[in-house]
2 protein chains.
Amino acid sequence: MSLKVRINRSPAPPEPCMLTECMAVIAGAWAPNVIWCLRMGPRRFNELRIDIPPISAKVLSTRLSELTERGVVQRHVRDTSPPSVEYELTELGRELLPALDAIVKVGHKLKARGQLGVNN
Amino acid sequence: MSLKVRINRSPAPPEPCMLTECMAVIAGAWAPNVIWCLRMGPRRFNELRIDIPPISAKVLSTRLSELTERGVVQRHVRDTSPPSVEYELTELGRELLPALDAIVKVGHKLKARGQLGVNN
DNA sequence: CCGGATCCCAAAAGATACTG
DNA sequence: CAGTATCTTTTGGGATCCGG
């Protein structure tokens, strides 16, 4: 018979492509880092640049725009004497922190095994 | 005084770049999907291709190699009559599932708000 | 049937310089 | 200070072909 192709997941999972779309939330170089750096509170543009040394202004700017657009980050403009802008995680953004944390944990274990950064 | 630059995170966080390295574990198109599809048990190459329709053979092959190399996935070769190869998550790989799950949850919420897939 | 090797193209990241 | 504009470079995915 041809029905022993394995238990192939029953009704047609909506998941596979969903995941890809969801991953897009944190897509782009440094995006997870930006979220991570905002975890302890609001932060200004140049502060983030300092937090994440190798990031370029353009990329930081782009990522912040995207994340803001996606509702993960909120932007506050205070036009005080020197106009300053603050970025802050939204409620939704905070929900990503456990996810990033979980990934970091696995990353640490892999690193301990020397399997990260040595490959490919 | 000049020490009101904000609480800028004390001693030099090892995190920022760590996160980037850790994200590399699940880097590459469809990598999260592959992990996701393996969550319910071992799966063969062509089964995975069917699970994730838009993936190309090359990319699937590449991702599987990388994930195997990183200790997230295990490869079993059974040289039976028609040689078949099975892929399976390792213990470490399973630890990524909660992380992916958390991301999916946020993704769903964003999608409900229509902020995913409409932007940029 | 499984998957590696090669070529090509698009997207994205980095650097630099410039503006409100 | 907080970005944007332009350019160049690199990466990586897709298609196809080829080998075991």
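Each remark here, short or long, concerns the structure printed above.
The paragraphs below set out a description of the structure included in this document. Because the structure is predicted, anything quoted here is derived from the model rather than measured. Sequence order sets the numbering: in each chain, residues are counted from 1 along the sequence as written. Ligands are numbered from 1 and chains lettered from A, in the order in which they are written. Local features are withheld for residues below a pLDDT of 70 in this predicted model, meaning they are given only at 70 or higher, and side-chain atom pairs are given and counted only at 80 or more; totals for whole chains, interfaces and linings count all residues. Hydrogens and waters are ignored; side-chain quantities use all the structure's heavy atoms.

Before going further, it helps to examine the protein's contact with DNA strand D. By nearness alone, 18 residues border DNA strand D, and Ser61, Arg75 and Tyr87 of chain A together with Ala29 and Lys58 of chain B come closest of all. Between DNA strand D and arginine 75 of chain A there is a distance of 2.6 Å, counted from a phosphate oxygen to a side-chain nitrogen or oxygen. Under the rule applied, a polar contact is a pair of N or O atoms within 3.5 Å (in protein, one hydrogen donor and one hydrogen acceptor; residues adjacent in sequence only if both atoms are side-chain atoms). Between DNA strand D and alanine 29 of chain B, the relevant distance is 2.5 Å, taken from a phosphate oxygen to a main-chain nitrogen or oxygen of the residue. Only DSSP runs of H or I covering at least 4 residues are called helices, and only runs of E covering at least 2 are called strands; the numbering of each starts at the N terminus. For the surface near DNA strand D, the secondary structure elements donating two or more residues are α3 (45-51), α4 (57-69) and β3 (84-89) of chain A together with α4 (57-69) of chain B. Proximity criterion: a residue is near a molecule or strand once any of its heavy atoms comes within 4 Å of it.

Counting residues in hydrophobic clusters, the biggest one holds 64 residues, and the most contacted among them are Ile26, Ile35 and Val72 of chain A together with Ile26, Ile35 and Val72 of chain B. Each residue touching valine 72 of chain A, except ones within four places of it in the same chain, is listed here: Val25, Ile35, Leu67, Glu88, Leu89, Thr90, Gly93 and Leu96 of chain A together with Leu110 of chain B. Note on terminology: a nonpolar core comprises buried Ala, Val, Leu, Ile, Met, Phe, Trp, Tyr and Cys residues joined through side-chain atoms within 4.5 Å. Relative accessibility thresholds used throughout: buried, under 20% of the residue-type maximum; exposed, over 50%; partly exposed, between the two (1.4 Å probe, protein chains only). What makes two residues a contact is simply this: any of their non-hydrogen atoms within 4.5 Å.

This part covers α4 of chain A. All names here are of chain A. A helix's residues, less one, multiplied by 1.5 Å, set its expected span. Given a rise of 1.5 Å per residue, 13 residues ought to cover 18 Å, and the 18 Å separating the end C-alpha atoms of α4 matches this to within 8%. Residues of α4 that are buried include every one of Leu60, Arg63, Leu64, Glu66 and Leu67, and no others. With its buried residues spanning 165° around the axis, α4 presents them on a single face. Along its buried surface, α4 packs onto α2 (31-37), α3, β2 (73-78) and β3. Count one or two residues on from α4 and you reach glycine 71, which has phi positive near 80°. The arc in question is traced by the directions running from the helix axis to the C-beta atoms.

Here we take up the relation of the copies chain B and chain A. In screw terms, the move from chain B to chain A is a rotation of 180° and a rise of 0.0 Å along the axis, fitting with an RMSD of 0.1 Å. One copy is carried onto the other by what is essentially a two-fold rotation axis. Taking C-alpha positions as reference, the residue of chain B nearest the rotation axis is alanine 99 of chain B, located at 2.1 Å. A shared interface surface links the copies, since 100% of the contact residues of chain B are contact residues in chain A too. Alignment of copies: least-squares fit on C-alpha atoms of residues with pLDDT of at least 70 in both copies.

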